[in-house]
Each structure stands twice: as structure tokens, then as C-alpha cells.
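Residues per chain, in single letters:
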Amino acid sequence: MSPANQNPNAATLGDESFMSADDLRSYMTDLEMARASKLAGAMNKAEDAQRKLAATLSEEIAVTPEKIEEIKQSLATKTRAAASRGETEVLVMRFPSQLCTDRGRAINNAEADWPSSLTGRPRQAYEFWKEHLQPAKYKLRAMIIDWPGGLPGDVAFFLSWS
């Protein structure tokens, strides 16, 4: 059966079936719905990934001398690479603002006690900086770096040496 015979509203132009305006609008609506469904699926996957990340980062890790050495080596590699590019800071951690007891409000407002709002691994990262990096004159800056839906999204820690 030819495509023109499948749809009684379609007329034949050469060997192609010609869609009526109603059929074309319906086709466009179907395409848009498929795109929206795909986008919604991607958004759901992103939200699931965000939840999993938050759950992982909310659990503290065991701080052993080996772990401290591993972190120092990783930071040394990152800071040397940044310095060789002429940069004076490097992003060392990114995490969802939901890991702050106030969802990032204190960080966003640059309040002096913003570290007290940290939980989980972000809290451990801050404590690592305080104990191991601040004495070496490294600075730590925290800031909200994205605003999904106008609300604080992710927080970033930047380590600087200038």
C-alpha cells in the first residue's frame, strides 16, 4: 500500500505523499512532544545524579595519613598545572548547596561563619584546608556558581595563592 493510500487526507505529488496542513501541524506537535519527553528524561537523569552525588558527599571519608598524602599530591598537581598557565587559583571542589545547613545562604552572603553551615565531605575539605593549607598561606574561597530556577545550586571551593 502506498503512503498516499494510508492517509486519506494526503495528496500525491510525484512519488511523495503530500501532508495536509492539519497533518503537518500534528506531525510538528508530535515532534515537539518527543523532544520535550527526551528533555524531561534528561532532566530526571540529571536530578537523580545530583541526588546520588549529594548522598555520597554527605558521608564523611576516613581521614588516614595515606588519604591526607593522596589529597596533598592531587592538590600539588592541580596547583602546579594552574601556576604553569599563569593562574593564581584552582577549583578544588564543587558540591550541591543542599550540603549546607542553610542551602548556601551564608556562603552567598559572604557571612564570616559560613564554614559552620558545611556538612559531610565539604566540611572535611574545609577542615583539611584549615589544618594543612592555611598555614602554608593558601586561601580558600567559597561561592555559589550556578542558580537553577533562581535558587542557589552548586557551591565551589577555590584554592588560591596570590
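Residues numbered from 1 in each chain as written. Predicted model: local features only at pLDDT ≥ 70, side-chain atom pairs only at ≥ 80, totals over all residues. Heavy atoms only, no water.

Caption draft 1: The arrangement of the sheet that holds strand E4 (residues 139-144) in detail. Pairing is antiparallel across the open sheet formed by 3 strands, whose spatial order is E3-E5-E4. Each having just a single partner strand, strand E3 (89-96) and E4 make up the two edges of the open sheet. Each strand axis lies, on average, 20° off the axis of its neighbour in the sheet, ignoring direction. Where helix H3 (residues 65-84) meets the sheet, its contacts fall on E3 and strand E5 (154-160), and the angle it forms with E3 comes to roughly 130°. (Pairing = 2+ DSSP bridges. Helix = DSSP H or I, 4+ residues; strand = E, 2+ residues; numbered from the N terminus. Axes fitted to C-alpha atoms, helices over the stretch in contact; angles between N-to-C directions. Contact = heavy atoms within 4.5 Å.)

Caption draft 2: View of the side chain of serine 117. If you trace the backbone, serine 117 turns up in the loop between helix H4 (105-108) and helix H5 (120-133). Given a relative accessible area of 4%, serine 117 falls into the buried group. The residues touching serine 117, leaving out its near neighbours within four places in the chain, are Leu99, Cys100, Thr101, Asp102 and Ala106. (Buried < 20%, exposed > 50% of the residue type's maximum accessible area, 1.4 Å probe, protein only.)

Caption draft 3: Quick look at the pattern of salt bridges. Within the structure shown, the criterion is met by 10 salt bridges. Between aspartate 48 and arginine 51 there is a salt bridge whose closest N-O contact spans 2.3 Å. Here arginine 51 and aspartate 48 lie together in helix H2 (residues 21-58), a separation of 3 residues that amounts to about one turn. Members of the salt-bridge network, linked through shared partners, are Arg94, Asp146 and Asp154. (Salt bridge = Lys/Arg side-chain N within 4 Å of Asp/Glu carboxyl O.)

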